[in-house]
Amino acid sequence: MQHFSQWIVNSPVWPPTIFPFDTPEEVYLKMVENSPQYIIIQFGLCAFRVEPPAEDQKDAEPRVSYKCYNFFCYPKGRTNVFSCQGESMRFLADNGFDFNRLFREGLSYANEIDEQRYRADLKERQATRAATILAAAEEEANETDSKAAETVEVNAIPVPAELQQQVDDTAASIEEFLQSDRQELIVGNCNAFHRKLIYQMIEQRYQRKISTTTVSLENNQKAIKVERKRSCEQELALDEQRRAQENEDLEMSVGMSLVLQELSKARKLIIGHNMLLDLFYVLRQFFKPLPVDYQEFKKFTKEYFPLLLDTKYLCTNAEIKVDVNSSVLAHVYEAVSKAPFSIPTVHAELPDHQYNVEDEKKHEAGYDAYLTGLCFLGLVSRFKVDLMHPHKDTTLKHYINRIFIIRLNDVNYINLNGKERNTSRLKGERAESSQSREHIFYVTFPETWRTSDIQSRFKPFGPVHVSWMDSTSGFVSLHNRNAASSVLKSIGYHTGFKVYSFAQFTQMKLQRPGTKRGRISSGSPGSGNGGGVRCAQPVDKSCGEEKGEEESQKIDHPATSISVKRKGEKDEDQPPAGNEAEDEDANGAGGWTTVKRARKTFADNNDW
C-alpha cells in the first residue's frame with residue numbers, strides 16, 4: 001500500500017528583488033532576508049492512498065482513494081504578531097474567505113523552539129505547584145502557620161483605598177460561606193490585580209480554612225473558586241486533574257504543528273505545484289527558523305521532507321510539454337484530463353469532506369491540494385509510473401527533490417540532492433559554460449522603447465533573448481556567445497540607452513543602498529512585498545504562477561500528495577492590464593525568439 005500527499009498553503013508572493021539571471025542560491029538568500037513575517041492562515045492537505053488490486057484481479061488498476069482536509073491556522077497568545085497585506089485581505093474577502101472562522105476556530109501552532117520552551121515552562125510551573133502543596137501540608141503538620149503569616153505580612157501589597165471596600169466585601173462573603181452548607185463560592189467581577197489582593201487577603205486570614213482555584217466563567221473572564229480547606233491528598237488529586245488539563249491545553253497550543261510533525265515522520269512522497277514558497281513558509285512557521293546558508297537549507301529541508309516533487313518542474317519534461325502548453329494548475333488539469341494522459345478514478349474516504357472538479361473552489365487550500373494530486377496522477381500516466389512505488393520510477397527520479405523557481409532564465413530549480421546545472425542549454429553548449437554570464441548584458445533604455453528597439457541595437461551580434469525587468473531596464477542574452485566580447489566595444493551610442501556587462505550589474509547591485517555587503521540581496525527587507533494573505537499575511541494566492549497567464553488563473557499552486565495551498569496569493573507572473581506580451585522573431589535567427597514581457601514584470605523562460 002502506497003501513500004503520498006499534497007499540500008497547499010495560503011502564503012505571500014515573491015520578493016521583488018529576484019532577477020532573471022540570479023542563481024538558485026541568490027534567490028534563496030533574498031527570500032530569507034527580504035521575506036516579511038507573513039504566516040500561513042489556511043493549510044490544505046490531501047492524502048492519497050494506492051492499494052494493489054485483489055488477488056483474483058491482478059490485471060486491474062490499483063485502487064486510489066483520498067482524504068482531504070482544510071485547516072485554518074491562527075496564532076494564539078498576546079505575544080504573537082504577524083503582518084498582512086491590505087490588498088490580499090480584500091482579495092480573500094472578495095472570494096468568500098471565512099475570517100470569522102479563522103479568528104475563532106483557527107488552530108494554533110508553534111515551531112520547535114517555541115514548543116520546547118512551552119513544555120519546559122509548564123513542567124517548571126507544575127513542579128513548583130506540587131512542591132508548594134507538599135510544603136503547605138508539612139507546615140500545617142508542624143503548626144508553623146504563624147511564621148508563614150508573618151512572612152506574608154512583611155511581603156504584603158498595600159491595598160489602595162479605592163479597593164479596600166471590595167476586599168472587605170469579599171472577606172465578608174467568605175465568612176458567610178463558611179457559616180453556610182454551600183460547597184463553593186465564586187468570587188468574580190475582578191481583574192488580575194483585584195484577584196491578587198484577594199488571594200493575599202485569603203492567605204492572611206483564611207489560610208487553614210479554605211482552598212482556592214482560578215476558574216474561567218462563560219464569558220471567558222477569570223474568577224476565584226473558594227472551597228473549604230482540602231486535605232493534602234485532595235489537593236494532590238486536584239492538581240493531577242489540573243495537570244491533565246494543562247497538558248491538553250499545551251497540545252492545543254502546538255496544534256497544527258503536530259500535524260506537520262506526523263507528516264514529516266511518515267517520510268512519504270510530498271507533491272506540490274510551484275511549491276518553493278509553500279515549503280519556505282511551512283518550514284519556518286512549523287519547524288525551525290531557516291538557515292542563512294544555502295547548503296544548510298537543503299540539508300535542513302531533506303531532514304523533514306526527504307521526498308518532494310514539484311509538478312510545475314515536472315511540467316518542464318520534454319514529453320509532457322508537447323501536450324501541456326501552460327503550467328498554470330488549472331491548465332495542467334485540463335491538459336491531463338484527455339489523451340495521451342489519463343487520470344484514474346479516485347474515491348473519497350470521507351464523503352463529508354470531498355471535492356469535485358465540477359464544483360470549483362479555486363481559492364480554498366484543500367481544493368487546490370486535491371487538484372494538484374489529480375494533476376500528478378495525470379502527468380505520471382504519460383510514463384506508465386507504478387503508483388505503488390512512484391519515487392522509484394526511473395523517469396521521476398530526475399524530478400524528485402527539484403523545486404521549481406519562477407522568473408529565472410537560467411537554472412530554474414533548487415536541487416535538494418546536489419548541485420544544480422543549466423537544463424536549458426542549447427544543443428552543443430559545453431556544460432562548464434552553463435554558469436557563465438559573459439553573454440548576458442544589463443540594459444537601460446527610454447520607457448517608450450519596445451522589444452524591437454532593443455533587438456535592433458544588438459542586431460550585429462546575432463539572435464538575442466530579451467528579459468524585461470521593468471519599463472526601463474532588462475537583460476539581453478546573446479545566442480552567439482563568441483560575440484559577447486565585442487558588444488561593449490562596438491555597440492553604438494543611443495540617447496538614453498546604456499549597456500553594462502553582467503559583472504558590472506552585479507557590482508551595481510552590491511552598491512545599492514540597503515544592500516548588505518557579503519550577502520547576495522538587494523533592497524531593504526520587506527520592501528515592496530506584495531503578499532497573499534492566506535499565508536502569514538492572511539491573503540495570498542496560489543503561490544505565484546507565471547505572469548502572463550490568464551487573470552482567471554492567478555491562483556493556483558498545489559502540492560503533491562499532501563497539498564497545502566496559499567489561499568489568496570496573487571499570481572506574480574500575471575502582466576498588468578493593457579500590456580500584451582508579444583513574440584517577435586529575432587532577425588530570423590534560427591528559431592530564436594525574443595519575448596517581450598509586459599512592462600514591470602520578470603521574464604520566465606518557461607513561457608508555455
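Refer to the structure above for everything that follows.
Keep in mind that what you see is a predicted model, and the values were worked out from it rather than measured. Residue positions within a chain follow its written sequence, with the count starting from 1. Whole-chain, interface and lining totals are the exception, using all residues; otherwise, since this is a predicted model, local features are given only for residues with pLDDT of at least 70 and side-chain atom pairs are given and counted only at 80 or more. Each side-chain value is derived from all of the structure's non-hydrogen atoms; neither hydrogens nor water enter the calculation.

1. Some remarks on the overall build of the protein
Reasoning step 1: Secondary structure elements are defined from DSSP: runs of H or I of at least 4 residues count as helices, runs of E of at least 2 residues count as strands, and each element is numbered from the N terminus. Counting its regular elements, the protein contains 18 helices and 19 strands.
Reasoning step 2: Only protein chains enter the accessibility calculation, which uses a 1.4 Å probe; a residue is then buried when its area is under 20% of its type maximum, exposed when over 50%, and partly exposed in between. Within the protein, the fraction of its 608 residues that count as buried is 51%.
Reasoning step 3: Contacts between residues were defined by any pair of non-hydrogen atoms, one from each residue, lying within 4.5 Å. Nonlocal contacts in the protein, meaning residues at least 24 apart in sequence, comprise 77% of its contacts between residues at least 6 apart.
Reasoning step 4: Working definition of accessibility: Shrake-Rupley area with a 1.4 Å probe, residue cover restricted to the visible protein chains. As displayed, the protein has an accessible area near 28,800 Å², and 48% of this comes from carbon and sulfur atoms.

2. Re the pattern of salt bridges
Reasoning step 1: Salt bridge, as applied in this entry: a Lys or Arg side-chain nitrogen positioned within 4 Å of an Asp or Glu carboxyl oxygen. A complete count under the given rule lists 17 salt bridges for this structure.
Reasoning step 2: Residue Glu 51 pairs with Arg 63 through a salt bridge whose shortest N-O separation is 3.6 Å. You can see Glu 51 sitting in strand β2 (residues 42–51) and its partner Arg 63 sitting in strand β3 (residues 63–72), a full 12 residues away along the chain.
Reasoning step 3: A salt bridge links Asp 323 to Arg 382; the nearest nitrogen and oxygen atoms lie 2.7 Å apart. With Asp 323 in the loop between α13 (318–321) and α14 (329–336) and Arg 382 in the loop between α15 (365–380) and β10 (402–404), this residue pair connects regions lying 59 residues apart in the sequence.
Reasoning step 4: Overall, the relative accessible area of 32% leaves Asp 323 in the partly exposed class.

3. A look at the sheet that holds strand β14 (residues 473–478)
Reasoning step 1: Ordered in space as β13-β14-β12-β15, the four strands form an open sheet in which the pairing is antiparallel. In this open sheet, the two edge strands, each paired with only one partner strand, are β13 (464–470) and β15 (498–501). The mean angle between the axes of side-by-side strands here comes to 25°, regardless of whether they run parallel or antiparallel.
Reasoning step 2: Only when DSSP finds a minimum of two bridges between them are two strands counted as paired. Taken together, the six bridges between β13 and β14 define a ladder with antiparallel strand orientation. The partner of Ser 467 across the bridge, within β14, is Phe 475.
Reasoning step 3: All axes here are fitted lines through C-alpha atoms, helices being fitted over the stretch that makes contact, and every angle between N-to-C directions spans 0 to 180 degrees. Here helix α18 (residues 502–510) sits on the sheet in contact with β12 (440–444), β14 and β15, set at roughly 90° to β15.

4. Observations regarding the pairing of β2
Reasoning step 1: Along β2, seven of the 10 residues are buried, which leaves the element largely enclosed by surrounding structure.
Reasoning step 2: The pairing of β2 with β3 spans 10 bridges and is antiparallel. Across the sheet, Leu 45 pairs through a bridge with Tyr 69, a residue of β3.

5. Details of the sheet that holds strand β4 (residues 185–187)
Reasoning step 1: Read from one edge to the other, the open sheet built from three strands follows the order β4-β6-β5, with strand pairing classed as antiparallel. Single-partner strands in this sheet number two, and they are β4 and β5 (210–216). Shown here is a sheet whose adjacent strand axes are inclined to one another by a mean of 30°, direction ignored.
Reasoning step 2: As paired elements, β5 and strand β6 (residues 222–228) share seven bridges and run antiparallel to each other. Along β6, the bridge assignment pairs Val 215 with Ala 223.

Note that every value here comes from positions in space, so none of it alone points to a role or purpose.
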